[in-house]
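# Coordinate analysis (summary)
Below are the chains, spelled out letter by letter.
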Amino acid sequence: ADLAKTGRLQEVFDTIEKPLLPVVKHMKDIGVGVDREYLDTLAREYRKELEAIAASIYRHAGHEFNINSPKQLGDVLYDELKIGSGSKQKKTATGARTTREDELLKLADEHPIIMEVLNYRELSKLLGTYVEKLPELIADDGRLHATFLQTGTVTGRMGCENPNLQNIPIKTEYGRRIRSAFTAPKGSVLVAIDYSQIELRIAAGLSGDPKLTAAFKHNEDIHAAVASRVFAVLPENVDKEMRRRAKVINFGILYGMGVTALQQNLGTTRAEAQEFYNNYFVQFPKIQAYLDSVIATAQKTKYTETLFGRKRYFPGLTSKIPFVRAMAERMAINAPIQGTATADVVKLGMIRAEQALREAKLADRAKLVLQVHDELVYEVDEHVVEQVEKIVIEAMEHAIPEAFLKGREYVPLRVSVGVGK
């Protein structure tokens with residue numbers, strides 16, 4: 001009864017969430033293959049490595065101490081090794097000197113012990129959270145059956161628990177090696193298909209910005225295309241650093257990042273960050289107009305809506321505390337884009353792919369085993385990989401029904417594919 005009063009939320013339930021229920025249940029029931037022996041070997045290697053890093057930290061400190069104790073670590077870093085001047089030593093709410101990762105990273109150039117401590121923490125966390133934990137969760141069928149949550153996040157994106165398989169890091173070698181434990185059985189391979197730059201594509205479509213839309217329609221490298229315009233250089237003169245900066249600006253602006261945060265992320269001066277920021281909106285004026293309209297509507301209604309009508313409420317928008325209000329505004333700017341991209345479109349892609357595989361009588365030879373943010377991972381019989389790829393790509397790239405595009409610029413969705421054991 002409550003749902004019926006919400007207008008478009010009824011539609012979200014009927015067209016997205018309800019048809020997705022059996023797909024998600026099936027994914028949990030099937031589970032994903034995990035190589036227990038590989039994890040046991042990795043655990044031994046990581047414990048050995050952890051001991052070696054600890055020994056190196058003790059050598060730098062001149063004695064042993066509890067690396068996991070923020071107080072003891074703070075004493076070693078700040079009092080004994082005199083790292084960071086007083087102004088650089090941030091304090092916690094209780095007045096203790098912080099040893100938070102983001103603060104330690106700022107001091108990394110001052111002493112080699114800092115990176116050793118950060119490596120120790122990362123390895124220790126991965127060992128405890130995944131390498132030693134995953135084998136305990138493997139079922140009798142040799143597979144891991146995590147729980148996928150359709151309402152697992154505030155944006156509507158799928159969550160995952162027991163264990164969370166969406167959080168295994170990929171940026172470092174330690175994390176990547178854990179991913180190798182997920183395997184396909186004999187005669188099958190894993191096929192991972194993920195949306196490329198989906199949030200930027202959705203932003204281009206929702207705002208209708210002609211330059212951004214044209215870049216996607218012509219299949220240009222979007223970060224290079226933006227760099228060429230923001231830095232006023234010919235496309236062929238865009239270097240790696242310009243492209244990196246454009247990528248930071250692209251995603252920063254979608255997440256409501258202000259000039260100060262942009263400056264920190266770009267590692268530049270405030271004046272230069274301001275110039276890039278202003279220039280971005282000169283080049284892509286419809287993005288500015290769209291983001292302004294999202295905030296204006298959210299301030300009136302206290303919620304935002306995705307392309308499909310999924311709502312997210314922001315009580316912080318009426319707060320009398322400036323930083324609470326500013327934070328709510330930043331989140332509200334991004335909510336329709338992120339919600340449309342990683343909640344609505346990804347879920348519709350899952351539903352369409354499942355239907356298409358059934359129609360092609362391939363559902364028993366191509367099983368969805370994981371959903372990680374904007375990526376779907378299938379376990380596929382190696383004799384039908386090409387057929388399955390074609391079907392799933394088609395379903396994911398055409399996840400947005402035509403009816404929703406009336407009066408809007410069509411921005412093509414694209415996916416990339418990886419296949420392996």
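A short tour of the structure in this document, coming up. (Residues numbered from 1 in each chain as written. Predicted model: local features only at pLDDT ≥ 70, side-chain atom pairs only at ≥ 80, totals over all residues. Heavy atoms only, no water.)

## Focus: the sheet that holds strand β5 (residues 188-195)
Rules: The pairing criterion is simple: DSSP has to find at least two bridges between the two strands. Each helix is a run of DSSP H or I of at least 4 residues and each strand a run of E of at least 2, with the numbering of both proceeding from the N terminus. Each axis is a line fitted through C-alpha atoms, and for a helix only the stretch in contact is used; angles between axes span 0 to 180 degrees, taken between their N-to-C directions. For this analysis, residues touch if any pair of their heavy atoms sits within 4.5 Å.
Sheet architecture is open: 4 strands sit in the order β8-β9-β5-β10, paired in antiparallel fashion. At either end of the open sheet lies a strand with only one pairing partner, and these are β8 (366-372) and β10 (415-420). When strand polarity is set aside, the average angle formed by the axes of neighbouring strands in this sheet is 20 degrees. When β5 meets strand β9 (residues 375-381), the two strands line up antiparallel, connected through 7 bridges. If you follow Ala192 over to β9, its bridge partner there is Val377. Along the sheet, helix α16 (residues 385-397) contacts β5, β8, β9 and β10; its crossing angle with β5, the most-contacted strand, is approximately 20 degrees.

## Overview of helix α8 (residues 198-207)
Definition in use: Exposed residues in this analysis have more than 50% of their type's maximum accessible area, buried residues have under 20%, and partly exposed residues fall in between, with area computed by a 1.4 Å probe over protein chains only.
Extensive coverage of α8 is indicated by the burial of 10 of its 10 residues. Buried within α8 we find Ile198, Glu199, Leu200, Arg201, Ile202, Ala203, Ala204, Gly205, Leu206 and Ser207. Turning to α8, the residues buried within the fold contact β5, α9 (210-217), α10 (222-230), α11 (240-254), α14 (285-301) and α15 (322-359). In the stretch just after α8, Gly208 is the one whose phi turns positive, near 70 degrees.

## Brief notes about α9
Residues separated by three or four positions in an α-helix point in the same direction, a consequence of the helix having 3.6 residues per turn. Worth spelling out the cut-off: Taken from the helix axis, the directions to the C-beta atoms give the arc we talk about. A 3.5 Å cut-off defines polar contacts: any pair of N or O atoms within that distance qualifies, except that in protein one atom must be a possible hydrogen donor and the other a possible acceptor, and neighbouring residues in sequence count only when both atoms are side-chain atoms.
Residues of α9 that are buried include every one of Leu212, Thr213, Ala215 and Phe216, and no others. The arc enclosing the buried residues of α9, seen along the axis, measures out at 160 degrees, which places them on a common side. Among the structural elements, α8, α10 and α14 are those in contact with the buried residues of α9. By the N-cap criterion, in which a side-chain oxygen at the helix start approaches the backbone nitrogen of a residue two or three places on, α9 is capped by Asp209, the distance to Lys211 being 3.2 Å. Asn219, located one to two residues past α9, shows a positive phi value of around 60 degrees.

## Regarding the side chain of Gln371
Summarising the element assignment, Gln371 is placed in strand β8. Looking at Gln371, its side chain comes within polar contact range of the main-chain oxygen of His373, at 2.9 Å. The residues touching Gln371, leaving out its near neighbours within four places in the chain, are Met27, Phe148, Met158, Gln166, Val346, Met350 and Leu376.

## Some words on the packing of helix α1 (residues 8-30) against α15
To be explicit about the condition: In a left-handed crossing the near helix is turned counterclockwise from the far helix by less than a right angle, and in a right-handed crossing that turn is clockwise. Residues are sorted three ways: Asp, Glu, Lys and Arg are charged, Ala, Val, Leu, Ile, Met, Phe, Trp, Tyr, Cys and Pro are nonpolar, and all the rest, Gly among them, are polar.
Closest axis-to-axis distance for the α1/α15 pair is 9 Å, and the angle between their directions is 65 degrees. Relative to α15, α1 is oriented so that their crossing is left-handed. Residues Thr15, Ile16, Glu17, Pro19, Leu20, Val23, His26 and Met27 of α1 lie in contact with α15, whose contacting residues are Asp344, Lys347, Leu348, Met350, Ile351 and Glu354. For the contact of α1 with α15, the residue count by class is 8 nonpolar, 2 polar and 4 charged.

## Considering the environment of Ile170
Positionally, Ile170 belongs in the loop between β4 (159-161) and α7 (173-179). Along the primary structure Ile170 and Asp221 are separated by 51 residues, whereas in three dimensions their C-alpha atoms are 23 Å apart. Residue contacts for Ile170: discarding those within four places in its chain leaves Arg176 and Arg179.

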